[in-house]
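Report on the structure
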Amino acid sequence: MFEIRPSVHWCPVTSGRPAEPTLWAWSDLHVGFPRCRREVEAARPASAADWLIVAGDVGETSAQLEWALGTLASRYAKVIWVPGNHELWTHPSDPLQLRGEERYRYLVDLVRGLGVVTPEDDYPIWPDDDGPVVVVPLFLLYDYTFLAPGTSSRTESLELAHENGIVCVDEFLLHPDPHPGREAWCRARVEATRRRLDALDPALPLVLVNHFPLVREPTAVLRHPEFAQWCGTVQTADWHRRYHCRVAVYGHLHIPRTTTYDGVPFVEVSLGYPAEWAAVGGPRGPRRILPRRSSR
């Protein structure tokens, strides 16, 4: 069972009293669009102790990623980044033409140089009011197991997507080298990440952060359901139950909202493209993740 609530935890402008330290999250900044870039330029923490999670799709080039994360890291006490599919594109306009795993490792080193936490680093501990919480940045990709409705195999699902003209650009720009395919890269990432999670103290609550949703259910509202196959993997369907997950954070869908599965809030935190903002009441700033507060 799950419930849907509007996501209204914007980063506030404070006045009159000190703001409490807050863990915020934002994704799908797409700073190649001038209006998106201005939103990032305008972003400010509510307190000097605030952290910001950036859950992928910052931009399409390494320079855009460096500018955006450098800007945010100069303002927030800590910035935590996970890659989206767009960062992993080998885009013709990007002077950095590395592919696949080599590109990812280059970007990790790039943002580490800005003081930003990556999925390859030790997981940081957020000092929540109720005790420490481990913030877990994940890089997991997808494996085509969110099959298009009415299909029963990856081949059939992809064929339907092509017939309907709903094909993710990843098919042309996201190279899995040296893995034989994106699903193989996903499988390797899931296995390595599961080992790290299994080694954590099970008593410590987690904030699980991934660009793609860890469960399929959020994709049910996609305008084009065929696109779900580029949105995650069934291999993580029980992670919010298997691990001590307090909140799950994701982006990618450009549908900012909070849904709850098995008592765990899943918060979609995307800014998205300017053309989409009218449908959600304007550009969405960072969302509060911790401490949790009722909407008001």
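A brief structural summary. The structure presented is a predicted model; accordingly, all values stated were derived computationally and were not measured. (Residues numbered from 1 in each chain as written. Predicted model: local features only at pLDDT ≥ 70, side-chain atom pairs only at ≥ 80, totals over all residues. Heavy atoms only, no water.)

To continue, consider the layout of surface pockets. Take a probe with the size of a water molecule and roll it over the atoms, and the empty space left behind shows itself. What the largest pocket holds in volume is close to 720 Å³. Along the walls of the largest pocket sit 26 residues, with Leu222, His252, Leu253, His254 and Glu276 positioned nearest its centre. (1 Å grid on protein atoms, 1.4 Å probe; cavity = no way out; pocket = protein on both sides within 12 Å on 5 of 7 lines; lining within 4 Å. Points joined across faces, edges and corners; volume = space filled by probe spheres on them.)

All right, on to the environment of Trp230 then. Take Trp230: it is sitting in the loop between strand 7 (206-209) and helix 7 (239-242). For Trp230, a relative accessible area of 0% corresponds to the buried category. Sequence separation of Trp230 and Leu147 is 83 residues, and the distance between their C-alpha atoms is 9.2 Å. Leave out the neighbours within four places in its chain, and Trp230 touches Tyr142, Tyr144, Leu158, Ala161, Ile166, Val167, Cys168, Glu171, Phe212 and His252. Among the polar contacts listed, one links the side chain of Trp230 to the side chain of Glu171, at a separation of 2.8 Å. (Helix = DSSP H or I, 4+ residues; strand = E, 2+ residues; numbered from the N terminus. Buried < 20%, exposed > 50% of the residue type's maximum accessible area, 1.4 Å probe, protein only. Contact = heavy atoms within 4.5 Å. Polar contact = N/O pair within 3.5 Å; in protein donor to acceptor, adjacent residues only side chain to side chain.)

Now for the packing of helix 1 (residues 34-42) against helix 2 (residues 62-73). Running from N to C, helix 1 and helix 2 cross one another at 20°; their axes reach a closest spacing of 9 Å. When the interaxial angle is binned, helix 1 and helix 2 end up roughly parallel. Between helix 1 and helix 2, the residues in contact are Arg37, Val40 and Glu41 and Trp67, Ala68, Thr71 and Leu72, respectively. Partitioning the contact of helix 1 with helix 2 into residue classes produces four nonpolar, one polar and two charged. (Axes fitted to C-alpha atoms, helices over the stretch in contact; angles between N-to-C directions. Parallel < 35°, antiparallel > 145°, perpendicular 65-115°, else oblique. Nonpolar A, V, L, I, M, F, W, Y, C, P; charged D, E, K, R; others polar.)

Residue position: Asp50 is located in the loop between helix 1 and strand 3 (51-54). Arg288 provides the closest opposite charge to the buried, salt-bridge-free Asp50, at an N-O distance of 8.7 Å. Among the polar contacts made by the side chain of Asp50, one reaches the side chain of Ser47 at a distance of 2.9 Å. Non-local contacts of Asp50, meaning those with residues more than four positions away in its chain, are made with Glu20, Pro21, Thr22, Trp24, Pro45, Tyr76, Ala77 and Lys78. (Lys, Arg positive; Asp, Glu negative; His and termini not counted. Salt bridge = Lys/Arg side-chain N within 4 Å of Asp/Glu carboxyl O.)

Between the first and last C-alpha of helix 2 there are 16 Å, a value that for twelve residues agrees with the 16 Å anticipated at 1.5 Å per step. Summarising the contacts, the buried residues of helix 2 are in contact with helix 1, strand 3, strand 4 (78-81) and helix 3 (100-112). (Expected span 1.5 Å × (residues − 1).)

Here the focus is the pairing of strand 9 (residues 257-261). Remark: a regular strand shows side chains that alternate across the two faces of the sheet. Most of strand 9 sits out of view: five of its five residues are buried. The side-chain alternation of strand 9 yields two buried faces, one formed by Arg257, Thr259 and Tyr261 and the other by Thr258 and Thr260. Pairing geometry for strand 9 and strand 10 (residues 264-268), over five bridges, is antiparallel. Bridged to Tyr261 within strand 10 is Val264. In this structure, the hairpin formed by strand 9 and strand 10 is closed by a connection of two residues, where Asp262 is found at a positive phi of approximately 55°. (Pairing = 2+ DSSP bridges.)

The next thing to look at is the packing of aromatic side chains. For the coordinates displayed, the defined rule picks out ten aromatic pairs. Between Tyr142 and Tyr144 the ring centres are 5.6 Å apart and the planes differ by 85°, which places this aromatic pair in the edge-to-face class. For the pair formed by Tyr142 and Tyr144, the shared burial category is buried. Here Phe227 and Trp230 contribute two aromatic rings whose centre-to-centre distance is 5.8 Å and whose plane-to-plane angle is 40°, an arrangement assigned as tilted. Linked through ring pairs, Tyr142, Tyr144, Phe212, Phe227 and Trp230 together constitute an aromatic cluster. The aromatic ring of Trp67 is capped on one face by Arg37, whose charged end is 3.8 Å from the ring centroid. A cation sits over an aromatic face here: Lys78 above Trp51, 5.3 Å from the ring centre. (Phe/Tyr/Trp six-rings, centres within 6.5 Å; stacked < 30°, edge-to-face > 60°. Lys NZ or Arg CZ within 6 Å of the ring centre and 35° of its normal.)

Taken in spatial order, the four strands make up an open sheet running 4-3-2-11, and their pairing is mixed. For this open sheet the edge positions go to strand 4 and strand 11 (287-290), each flanked by a neighbour on one side alone. The average undirected angle you get between the axes of adjacent strands in this sheet is 30°. Bridge count for strand 2 (residues 23-26) against strand 11 is three bridges, and the pairing is antiparallel. Counterpart to Trp24 in the pairing with strand 11 is Arg288.

Our next topic: the packing of helix 2 against helix 3. Running from N to C, helix 2 and helix 3 cross one another at 25°; their axes reach a closest spacing of 10 Å. Considering their axes alone, helix 2 and helix 3 lie roughly parallel with respect to each other. Between helix 2 and helix 3 the crossing geometry is right-handed. Of helix 3, the residues touching helix 2 (which contributes Ser62, Leu65, Glu66 and Leu69) are Arg103, Leu107, Leu110 and Val111. Within the contact of helix 2 with helix 3, the residues separate by chemical class into five nonpolar, one polar and two charged. (Left-handed = near helix turned anticlockwise from the far one by under 90°.)

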